[in-house]
Amino acid sequence: MVERVLATEEALALINLLTEKHGPVMFHQSGGCCDGSSPMCYPEGDLILGEQDVCLGEIGGVPFYMHRNQYDYWKHTQIILDVVDGRGGMFSLEGVEGKRFLTRSRAFSTEELKELGLIQ
């Protein structure tokens, strides 16, 4: 099964730390508003999801969402959640840790696109 979203070991370690501190968390890929286009980490339930939000999968047991309009642009890529030093979005939980989540991506292969039903 092709996974639409993955995380590096560093991202998984930070997710574990945030979960220990804040309880269950969730991710939403920002669409470019206040904090740019970054993956935002919230306490589960703090961000109200709408009918247009798509769950791409889970990383470290944490759901990762994206708005459907943005997903239309990203559906041909696998999202890889990573972590870098520095301050990220002020609304995302990791900011006080001196780290920020970062989205990396890679294009799916033809075989993966077929498995995902995106091409015939």
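K.L.:
What am I meant to see in the overall build of the chain here?
P.N.:
Each helix and strand counted, the chain has 3 helices and 7 strands in total. Reading the secondary structure of the chain in the N-to-C direction produces β-α-β-β-β-β-α-β-β-α. Taking 2.2 N^0.38 as the reference for a compact globule, 120 residues should give roughly 14 Å; the C-alpha atoms of the chain span a radius of gyration of 14 Å, in line with that estimate. Summarising its shape, the C-alpha atoms of the chain cover approximately 45 × 30 × 25 Å along the three principal directions. Sorting the 120 residues of the chain into buried and exposed places 38% on the buried side. Pairs at least 24 apart in sequence give 57% of the contacts found in the chain among residues at least 6 apart. Per element, the accessible surface of the chain, about 6800 Å² overall, is 51% carbon and sulfur.

K.L.:
For this particular structure, what's the right way to read the nonpolar core?
P.N.:
Nonpolar side chains tend to gather and get buried jointly when the protein is soluble and globular. Core analysis: the biggest nonpolar cluster contains 20 residues, and Phe27, Leu56, Phe64, Leu81 and Phe101 have the highest contact counts within it. Elements supplying a minimum of two residues to this core: α1 (9–22), β2 (25–29), β4 (53–59), β5 (62–67) and β6 (77–85). Broken down by element, the residue count for this core peaks at 4 residues, all from α1.

K.L.:
What is the right way to look at the pattern of salt bridges in this model?
P.N.:
For side chains bearing opposite charge, pairing can occur when the charged atoms are close. Within the structure shown, the criterion is met by 5 salt bridges. Note that Asp85 and Lys99 form a salt bridge whose closest N and O atoms lie 2.5 Å from each other. A residue pair is termed long-range when its members are at least 10 positions apart, and Asp85 in strand β6 and Lys99 in strand β7 (residues 99–107) qualify at 14 residues. With a shortest N-O distance of 2.6 Å, Arg106 and Glu112 are connected by a salt bridge. Note on Glu112: relative accessible area 18%, which makes it buried.

K.L.:
Help me understand the sheet that holds β2, please; the structure alone is not making it clear to me.
P.N.:
Working definition: the strands of a sheet are paired by backbone hydrogen bonds and lie parallel or antiparallel to each other. Across the sheet, which stays open at both edges, the 4 strands sit in the order β3-β2-β5-β4 with mixed pairing between neighbours. Of all strands in the sheet, those bounded by a partner on one side alone are β3 (39–43) and β4. On average, adjacent strands in this sheet sit at an angle of 30° to one another, irrespective of strand direction. Sheet topology note: the β2/β5 ladder contains 3 bridges and is parallel. The residue of β5 that forms the bridge with Gln29 is Met66. Against the sheet, α1 makes contact with β2, β3, β4 and β5, and its axis sits at roughly 130° relative to β2, the strand it touches most.

K.L.:
Help me out: how do you make sense of the sheet that holds β7 in this one?
P.N.:
With respect to topology, 3 strands assemble into an open sheet ordered β1-β6-β7, the strand pairing being mixed. The strands lining the two open edges of the sheet, one partner per strand, are β1 (5–7) and β7. Averaged over all adjacent pairs, the angle separating strand axes in this sheet is 25°, with direction ignored. Relative to β6, α1 is tilted by about 70°, and along the sheet it contacts β1, β6 and β7.

Cut-offs and rules
- Per chain, the residues get numbers from 1 upward, laid out in the order the sequence is written.
- For this predicted model, a pLDDT threshold of at least 70 governs which residues receive local features, and a threshold of 80 or more governs which side-chain atom pairs are given and counted, while totals over whole chains, interfaces and linings are taken from all residues.
- Think of the side-chain values as coming from all heavy atoms in the structure, minus any hydrogens and water.
- By the criteria applied, helices consist of DSSP H or I runs no shorter than four residues and strands consist of E runs no shorter than two, each listed in order from the N terminus.
- Throughout, radius of gyration means the C-alpha value; the globule benchmark is 2.2 Å times the number of residues raised to the power 0.38.
- Throughout, exposure labels follow a simple rule: accessible area from a 1.4 Å probe, protein chains only, divided by the maximum for the residue type, with under 20% read as buried, over 50% as exposed, and the rest as partly exposed.
- Any two residues having at least one pair of non-hydrogen atoms within 4.5 Å are treated as being in contact.
- Method for areas: the Shrake-Rupley scheme with a 1.4 Å probe, in which residue coverage is limited to the protein chains shown.
- Nonpolar cores were defined as sets of buried Ala, Val, Leu, Ile, Met, Phe, Trp, Tyr and Cys residues, with membership established by side-chain atoms within 4.5 Å.
- Throughout this description, the term salt bridge denotes a Lys or Arg side-chain nitrogen within 4 Å of a carboxyl oxygen of Asp or Glu.
- By this definition, two strands are paired if DSSP reports at least two bridges between them.
- For helices, the fitted axis covers only the stretch in contact; all axes are lines through C-alpha atoms, and the angles between them, taken along N-to-C directions, range from 0 to 180 degrees.

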